[in-house]
Amino acid sequence: MLLLWNSFLGIEEGIVSLLLLIDSTLYWAFSKLFSLYVELASARIFDINDFDNLIHNVYLLIGVVALFLILYLLLKNMVSADDKASSKEILDIIKRFIVAMVLVPLVPVFFDFLYDFQDSLLSNQTITKLMLGNGDVSTTGNVVELQDENGNPIYGDDCKATSLEEAKQSCTPLTSTVDMNSNELLKDYGNQAAYYIMSGFLSPEDGWEAEDIHTNASKYFNLKHNWKWAKIACAIGGGIATATVVVLEVATSPATGFATLAAVPATVVSFGTSIAGACAIAAGSSLLIDGVGYLITYDDYTWKMAELEMITTGDFSRITSFAENITGGELHYTPVISTIAAIFLLYMMFSFCLDLGVRAVKLIFFQLMAPICFLISVIPKKKDLLNNWFKLVLTTWLEVFVRIFCVCGVVLFISMLDYDSLKNNFSTFATAILILGIVTFAKQLPKLFSQVTGIDSGNMKLGIKEKLAEGGAFTAGAIIGGGATAFTKNLANKWGNKENWKDKNGNVTAGSILKNVGSGLLSAGAGTASAQFRGGKAGLNAKSFGDMKKAASKGATDAVNARDKRVNYKAAHGGNVVGAMMGHMKDFGGSVKNFVLDESIEGLTRESQCMGKVVSKYNTFNDTIENLLEKEQAKGNGSLFLGNGFALTNYAAFDAAAQNLATAKAHFNNGTISAAQLRAVEGAYIQARDNVRDELMNMSLEGTKGRAYQALTAKGQAALKDSLVNAESLQATILENASSKVVQDIMGANGNNALNDIINGNSLNVSSFTHNGSKLKDAAKVAQGQAEIKIAEMNKEQAAKGDKSN
Amino acid sequence: MKVVYEFIILYIIMFIVDYLILKKLNILDEYNFIRKLCNIKKKITVSKKLKVISSLLNAFIISIVCVFAINVNLSIIIVLPISFCLLFLLIYSVYKIYGNILKNKLKAKKSSV
């Protein structure tokens, strides 16, 4: 029973030791990360002078381009100097240019000042001191007696005693003093921060002082001894349990007893596994206790000493030797919660460290870009660039302080908690929740800080995944993954095929082996490069490990497909390299021709669409005028279009042709004229109508300022209202699609006369079109049709090419 | 020889930058600038050919000044003002010449119509 009780006590202490070991590792990592953070913040990762030559050339190149832009605007304003606003702008540009030229040499001085100021704040721990003070563990020196490996005091050379007993009586042992306020201690930001947080979860219980909590190493050796018995006990217990099960099975069910016996080996194995597991735990715990025992170098080790050591050396492993004190009620410990808090803080610090890496490069980038920003801000439309630059530099520079403030805030809040009061008023669980609340608050603190102070603290998101995605880590992963997969696949394709190892005669020779080894490596190398490129392209926007995996897989598959396509293409073109090259040259020639003549499918489709828009507008314009003419002629309102000599000169002929047509139709109905005669009259009518329509179109295209329009009566002008709107719309559409070759061709063969007329605001005449009047529509339709036929032919060609290569 | 290589490389880069970026952003309004500089009354049709020519001219001006700035062994504070003057002269003279050619072409076109 005593053995079992001892074992139970051992298990409890073992578990506490294990948890303390995990915590000590996590807080140690946190302290190191915190120190790394401070080092990263104060370190000037790049020295601008290292890139002197590069910077000089980059400044010059971009500076010249910026100057070119400024001068262009300056000259443009100068040539139109008649305008008062322009001359004011010129003066403004010159003024800002002088300011920029003065500011450029001041950039390095400005950055040196920022870095020096930052160094001074960080090296003096200004923010940490402001928030946390100089440490509240102890401000007095702590004297520790030095002892040898047997626990006896060590004496100096001045001790003349001949024996240990004599020395104990006549000499003073050597001591070591650790002072909290020493410079060493002040520089150890990380240890202090980690200690403060950890002390929230592990601290002396009420009525216990740090100096009074002693750990005893000999206890651990006893414990080790007990664990030896525990191991034996678990082995004996396991064996007895297995035998009991077998006996009980046979005794309780004699009929099936022998059948059950057949299953004995399985049962034994199952129990054996359990015993092995139990013994493994026992052995592991024993080893752990061995380790803990090893860590303790002297028997009389106090919690006070552990605290000092944690702060001065960052050795958090010492806490593992206080498991007994925790189970004994001397130390208060909140397990699991302390581990969760440590993991979260580690995550936060790691995220902040990543930010600092980005910040260091950002500051260098801003410094490099400064002259360009200054010069471009001279351009009137880009005035804000300089302000944006200053804002970005200051925001980036301040990021480090905002983050230190956040971490210190968490440390401060946790260290400020009054645990005694909390324990009296709340349960331990509620206290733990409160501590976790503070840690969670750390996540929101940056945003709150930014909102309260108005200082944009940059991207304060803690998500490491997003940061890795922003940094292109997943893209890099996709590149590596895609490359590795394609390398394996291409190598397997070459080396895995038995036929590839043979020569032309089907024999395996040294030459054929060498050739296949070489071609396999070459293919794998080319495939890797291809897959890396494709994987990188596919993984450009990868946001997670899943995306990265997909992109890598896609890159490898595409590379392998491309390889297969190449093999098929080669086979379709004579099966040799020369044939494939000739095929590619032929394809290239066709592509060049298409490019030069813009005869790609996209180009022709674009052309067709442009033409379609123009034709549609033209149809509307044409129909409006034809309808107007026929309607007014039928009503006998032809006088509407007869002005004072400038209006429709062909209207009388059209009117006569319309009357002739009406008479001819009546005669045809009476049977006095033949169908052919009627068609002839109709033809004359259409010709006459087209002539008048063209006149009306020109009148509408000239607009309200045209002489013919001005000559019309008010009623006539009102009748042309819709036509004017449609004419304007047609001109706008032609102008929009002026880049289309078909539009240019149809609008005017001789120097784009019609287009120039529209662009220059001159009066447009239907006769300016190469295919004037109604023929424009027909020509456009023909051009559109031709484009569509070509598209169909090219699609067919492409399909045929695809078939051939497959 | 090094200078020639530098010029060719810069010329190609600047042409691509001008044609693909500056023209798309429409930062420079060369056509109006030419019209005003050479007193051309008619609006100039912005064709692809004209865009290419203006990009070639811009690339020529920038790369000449860049090659000069890189190879002259002076401080950036001295080089930039010199480059400013050089650019001023080149922009003015090159566009003046091109504007006059364009003006004569337009005149010839008008008379043939």
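Note that the coordinates shown come from a computational prediction; the quantities given were computed from them, not determined experimentally.

**Student:** Looking at this model, I keep getting lost on the overall build of chain A. Mind explaining?
**Tutor:** For chain A, the helix and strand inventory stands at 30 helices and six strands. Classification of the 806 residues of chain A by burial places 41% in the buried group. Restricting to contacts in chain A with at least 6 residues of sequence separation, those with at least 24 account for 75%. Put simply, chain A shows about 42700 Å² of open surface, and 61% of that area lies on carbon and sulfur atoms.

**Student:** Looking at this structure, how should I read the overall build of chain B?
**Tutor:** Across its full length, chain B holds four helices and zero strands. In chain B, the succession of α and β elements from N to C terminus is α-α-α-α. A total of 113 residues make up chain B; the buried ones form 37% of that total. The contacts in chain B between residues at least 6 apart in sequence include a share of 75% that link residues at least 24 apart. Accessible area for chain B stands at about 6500 Å²; split by element, carbon and sulfur atoms hold 70% of it.

**Student:** I tried to follow the interface of chain B and chain A on my own but got confused; where do I start?
**Tutor:** Many structure descriptions define interface size as the accessible area lost when the parts assemble. Each partner contributes residues to the interface: chain B has 35 residues there, and chain A has 30 residues. Both faces combined, the contact of chain B with chain A buries some 3200 Å², and carbon together with sulfur accounts for 82% of it. Considering only the surface of chain B that becomes buried against chain A, I76, L80 and F84 of chain B emerge as the three largest contributors, covering 19% of it. One can count zero salt bridges joining chain B with chain A.

**Student:** Whenever I open this one, unusual backbone geometry confuses me. Can you help?
**Tutor:** For residues that are not glycine, phi is negative in most cases, and the peptide bond is trans in most cases. All names here are of chain A. Of note, V336 is a non-glycine position whose phi angle comes to about 65°, a positive value. Structurally, V336 can be placed in the loop between β6 (331-333) and α13 (337-376). Overall, the relative accessible area of 47% leaves V336 in the partly exposed class.

**Student:** Would you explain a nonpolar patch on the surface in this entry?
**Tutor:** A contiguous nonpolar surface patch, about 1000 Å² in accessible area, is contributed by M1, V4, Y5, I8, I9, I12, I13, I16, V17, L20 and I21 of chain B. In this fold, L20 of chain B is placed in helix α1 (residues 2-25).

**Student:** Before we go on, may I ask you to explain the packing of aromatic side chains in this structure?
**Tutor:** Residues and elements named next belong to chain A. In the structure shown here, the tally under the stated rule is 16 aromatic pairs over all chains. Geometrically, the ring pair formed by F117 and W397 is stacked, given 5.8 Å between the ring centres and 20° between the ring planes. Of the two residues, F117 is situated in helix α3 (residues 84-123) and W397 in helix α14 (residues 384-416); the sequence distance between them amounts to 280 residues. Between F374 and F390 the ring centres are 6.5 Å apart and the planes differ by 25°, which places this aromatic pair in the stacked class. Highlighted residues: F374 in helix α13 and F390 in helix α14, separated in sequence by 16 residues. Taking relative accessible area as the criterion, F374 reaches 2% and is therefore assigned buried. Among the residues examined, F390 registers a relative accessible area of 29% and is labelled partly exposed.

**Student:** Whenever I open this one, the side chain of T339 of chain A confuses me. Can you help?
**Tutor:** Structurally, T339 of chain A can be placed in helix α13. Residue classification places T339 of chain A among the buried residues on the basis of a relative accessible area of 13%.

**Student:** Whenever I open this one, helix α11 (residues 303-313) of chain A confuses me. Can you help?
**Tutor:** Residue and element names in this part refer to chain A. Across the 11 residues of α11, nine count as buried, placing the element largely inside the fold. Regarding α11, the residues found buried are W303, K304, M305, A306, E307, L308, E309, M310 and I311. Where α11 ends, the next residue or the one after it, G314, has phi of about 75°, a positive value.

**Student:** Teacher, can you tell me more about the pattern of salt bridges here?
**Tutor:** One side chain can pair with another of opposite charge once the charged atoms of both are near each other. On inspection of all chains with the given rule, the structure shows five salt bridges over all chains. In this structure, R689 of chain A and E626 of chain A form a salt bridge, with 3.4 Å as the shortest nitrogen-oxygen distance. With R689 of chain A in helix α24 (residues 675-702) and E626 of chain A in helix α22 (residues 601-635), this residue pair connects regions lying 63 residues apart in the sequence. An identical accessibility class is assigned to R689 of chain A and E626 of chain A; each is buried. Between E6 of chain B and K2 of chain B there is a salt bridge, with the nearest N and O atoms lying 3.6 Å from each other. In this pair, E6 of chain B and K2 of chain B both sit in helix α1, four residues apart, roughly one turn of the helix. Judged by relative accessible area, K2 of chain B falls into the exposed class, the value being 55%.

**Student:** How should I be thinking about the nonpolar core in this particular structure?
**Tutor:** Proteins that are soluble and globular tend to have nonpolar side chains buried together. Core analysis: the biggest nonpolar cluster contains 127 residues, and Y27, F30, W303 and L375 of chain A together with I91 and Y95 of chain B have the highest contact counts within it. Of all the elements, α13 of chain A adds the most residues to this core, at 17 residues. Residues within four places of F30 of chain A in sequence aside, it is in contact with A193, A194, I197, L345, L346, M349 and V407 of chain A. Grouped together as the second largest cluster of nonpolar side chains are 30 residues, Y685, L696, L701 and Y709 of chain A included.

**Student:** Help me understand the environment of D158 of chain A, please; the structure alone is not making it clear to me.
**Tutor:** Relative to the assigned elements, D158 of chain A resides in the loop between β1 (142-145) and α5 (164-170). D158 of chain A gets classed as exposed once you look at its relative accessible area, which sits at 67%.

**Student:** Can you walk me through the environment of F366 of chain A in this structure?
**Tutor:** All names here are of chain A. Within the secondary structure, F366 sits in helix α13. Here F366 falls in the buried class, since its relative accessible area comes to 10%. If we ignore the near neighbours within four places in the chain, the residues touching F366 are F111, W389, L392, V393 and T396.

**Student:** Looking at this structure, I do not really get α13 of chain A. What am I missing?
**Tutor:** In an α-helix, one turn spans 3.6 residues; hence positions three or four apart end up facing the same way. Given a rise of 1.5 Å per residue, 40 residues ought to cover 58 Å, and the 55 Å separating the end C-alpha atoms of α13 of chain A matches this to within 8%. By the largest-angle criterion, M369 of chain A marks the main kink of α13 of chain A, which is about 45°, and a proline, P371 of chain A, follows within four residues.

**Student:** Where do I start with the confidence of the model for chain B in this structure?
**Tutor:** Residues and elements named next belong to chain B. Across chain B, pLDDT averages 82, with 89% of residues at or above 70. Least confident of the elements in chain B is helix α2 (residues 30-38), whose mean pLDDT is 79; most confident is helix α3 (residues 48-71), at 88. If you check the scores for this complex, the pTM reads 0.45 and the ipTM reads 0.87.

**Student:** Mind showing me how you'd approach the confidence of the model for chain A here?
**Tutor:** Keep in mind that low pLDDT regions are not for reading the predicted coordinates in detail. Residue and element names in this part refer to chain A. Residues at a pLDDT of 70 or more form 60% of chain A, whose mean pLDDT is 70. When the elements of chain A are averaged for pLDDT, helix α6 (residues 183-187) gives the smallest value, 42, and helix α23 (residues 651-670) the largest, 84. The low-confidence segment residues 255-260, where pLDDT is below 50, has two contacts with residues more than four positions distant or belonging to other chains.

**Student:** What exactly am I supposed to notice about the environment of I326 of chain A here?
**Tutor:** Residues and elements named next belong to chain A. Of note, I326 is situated in helix α12 (residues 323-327). Residue I326 is classed as buried on the basis of its relative accessible area of 14%. Separated by 122 residues in the primary sequence, I326 and P204 have C-alpha atoms spaced 9.0 Å apart. Ignoring sequence-local partners within four residues, the contact set of I326 consists of V16, L20, L202, L331 and Y333.

Rules used throughout
- Residues numbered from 1 in each chain as written.
- Chains lettered and ligands numbered in written order.
- Predicted model: local features only at pLDDT ≥ 70, side-chain atom pairs only at ≥ 80, totals over all residues.
- Heavy atoms only, no water.
- Helix = DSSP H or I, 4+ residues; strand = E, 2+ residues; numbered from the N terminus.
- Buried < 20%, exposed > 50% of the residue type's maximum accessible area, 1.4 Å probe, protein only.
- Contact = heavy atoms within 4.5 Å.
- Areas by Shrake-Rupley, 256 points an atom, 1.4 Å probe, with all protein chains shown as cover.
- Buried area = accessible area lost by both parts, 1.4 Å probe.
- Salt bridge = Lys/Arg side-chain N within 4 Å of Asp/Glu carboxyl O.
- Patch = residues over 30% accessible without salt bridge, like charges linked within 9 Å, V, L, I, M, F, W, Y side chains within 5 Å.
- Phe/Tyr/Trp six-rings, centres within 6.5 Å; stacked < 30°, edge-to-face > 60°.
- Core = buried A, V, L, I, M, F, W, Y, C linked by side-chain atoms within 4.5 Å.
- Expected span 1.5 Å × (residues − 1).
- Bend = angle between axes of the 7 residues up to and from the residue.
- pLDDT = per-residue confidence, 0-100.

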